[in-house]
Amino acid sequence: MLLFAKFAGIAVLVWFYMTAKSRGGEPIKWAIIGLIGYWIAWWAVNLTAVSALTGLFAKNFTAIFIIAQIPAICAIGAAFLIRKKLLADAEAEKNSQD
């Protein structure tokens, strides 16, 4: 896993934890859900798209470096959607309790 992907994973962990803490959710649960979602998305994109694309640019280091960042970007997008779903579920639960 590249350095950018590791930093992004830590950022997702902190992002989910802080969001849950501010919304009155369970911070550890949210952080774990966010991190697992990030990892799954990263691995899925890495094993499918990136492994196929790196063979096309085997001799161009810059292209391989840029292509290697694609899984982290897609995983951040997945984390955003997961966070959006958790926020919607928390809001629905809050409204049902009122």
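Check the entry above for the structure.
Let me begin by describing the structure that accompanies this report.

Rules used throughout
- Residues numbered from 1 in each chain as written.
- Predicted model: local features only at pLDDT ≥ 70, side-chain atom pairs only at ≥ 80, totals over all residues.
- Heavy atoms only, no water.
- Helix = DSSP H or I, 4+ residues; strand = E, 2+ residues; numbered from the N terminus.
- Expected span 1.5 Å × (residues − 1).
- Buried < 20%, exposed > 50% of the residue type's maximum accessible area, 1.4 Å probe, protein only.
- Contact = heavy atoms within 4.5 Å.
- 1 Å grid on protein atoms, 1.4 Å probe; cavity = no way out; pocket = protein on both sides within 12 Å on 5 of 7 lines; lining within 4 Å.
- Points joined across faces, edges and corners; volume = space filled by probe spheres on them.
- Nonpolar A, V, L, I, M, F, W, Y, C, P; charged D, E, K, R; others polar.
- Axes fitted to C-alpha atoms, helices over the stretch in contact; angles between N-to-C directions.
- Parallel < 35°, antiparallel > 145°, perpendicular 65-115°, else oblique.
- Left-handed = near helix turned anticlockwise from the far one by under 90°.
- Core = buried A, V, L, I, M, F, W, Y, C linked by side-chain atoms within 4.5 Å.
- Phe/Tyr/Trp six-rings, centres within 6.5 Å; stacked < 30°, edge-to-face > 60°.

### Comments concerning helix α2 (residues 27-56)
And step 1. Taking 1.5 Å of rise per residue, 30 residues should cover 44 Å, and α2 covers 42 Å from first to last C-alpha, within 8% of that figure.
And step 2. Every buried residue of α2 is listed here: Pro-27, Trp-30, Ala-31, Gly-34, Leu-35, Gly-37, Tyr-38, Ala-41, Trp-42, Val-45, Asn-46 and Val-50.
And step 3. Buried-residue contacts for α2 involve α1 (3-23), α3 (61-68) and α4 (70-97).

### Description of the layout of surface pockets
A water-sized probe, rolled over the atoms, reveals where empty space remains.
And step 1. As a volume, the largest pocket reaches approximately 410 Å³.
And step 2. In this structure, the largest pocket is lined by 15 residues; those nearest its centre are Gly-24, Gly-25, Trp-30, Ala-90 and Glu-93.
And step 3. Looking at the lining of the largest pocket, the elements that each hand over two or more residues are α2 and α4.
And step 4. If you tally residues by element for the lining of the largest pocket, the top one is α4, at 8 residues.
And step 5. For the lining of the largest pocket, the class distribution of residues is 5 nonpolar, 3 polar and 7 charged.

### Quick notes on the packing of α1 against α2
And step 1. At their nearest, the axes of α1 and α2 sit 8 Å apart, and the two run at 150° to each other. One element, α1, and the other, α2, form an angle in the roughly antiparallel class. Handedness of the crossing formed by α1 with α2: right-handed. The segment α1 lies against α2, with Ala-5, Ala-8, Gly-9, Val-12, Leu-13, Phe-16, Tyr-17, Thr-19, Ala-20 and Lys-21 engaging Pro-27, Ile-28, Trp-30, Ala-31, Gly-34, Leu-35, Tyr-38 and Trp-42.
And step 2. Residue composition of the contact of α1 with α2, by class: 14 nonpolar, 3 polar and 1 charged.

### Description of α4
And step 1. Between its first and last C-alpha atoms α4 spans 41 Å; for 28 residues at 1.5 Å apiece the expected length is 40 Å, and the two agree.
And step 2. Those residues of α4 that sit buried are Pro-71, Ala-72, Ala-75, Ala-79, Arg-83, Leu-86 and Leu-87.
And step 3. Tucked into the core, α4 has its buried residues touching α1, α2 and α3.

### Focus on the nonpolar core
And step 1. With 14 residues, the main nonpolar core has Tyr-38 and Trp-42 as its most contacted residues.
And step 2. When residues of this core are traced back to their parent elements, those giving at least two are α1, α2 and α4.
And step 3. If we skip the residues at most four places from it in the chain, Tyr-38 touches Ala-5, Ala-8, Gly-9, Val-12, Ala-72, Ala-75 and Ile-76.

### Quick look at the side chain of Gln-69
And step 1. As for its position among the elements, Gln-69 is in the loop between α3 and α4.
And step 2. Beyond its immediate chain neighbours, meaning those up to four positions away, Gln-69 contacts Leu-2 and Phe-4.

### Quick word on the packing of aromatic side chains
And step 1. Under the definition given, this model contains 3 aromatic pairs.
And step 2. Where Trp-15 meets Phe-16, the ring centres are 5.7 Å apart and the plane angle is 85°; that geometry is what we call edge-to-face.
And step 3. Given the relative accessible area of 31%, Trp-15 is considered partly exposed.
And step 4. With a relative accessible area of 0%, Phe-16 lands in the buried category.

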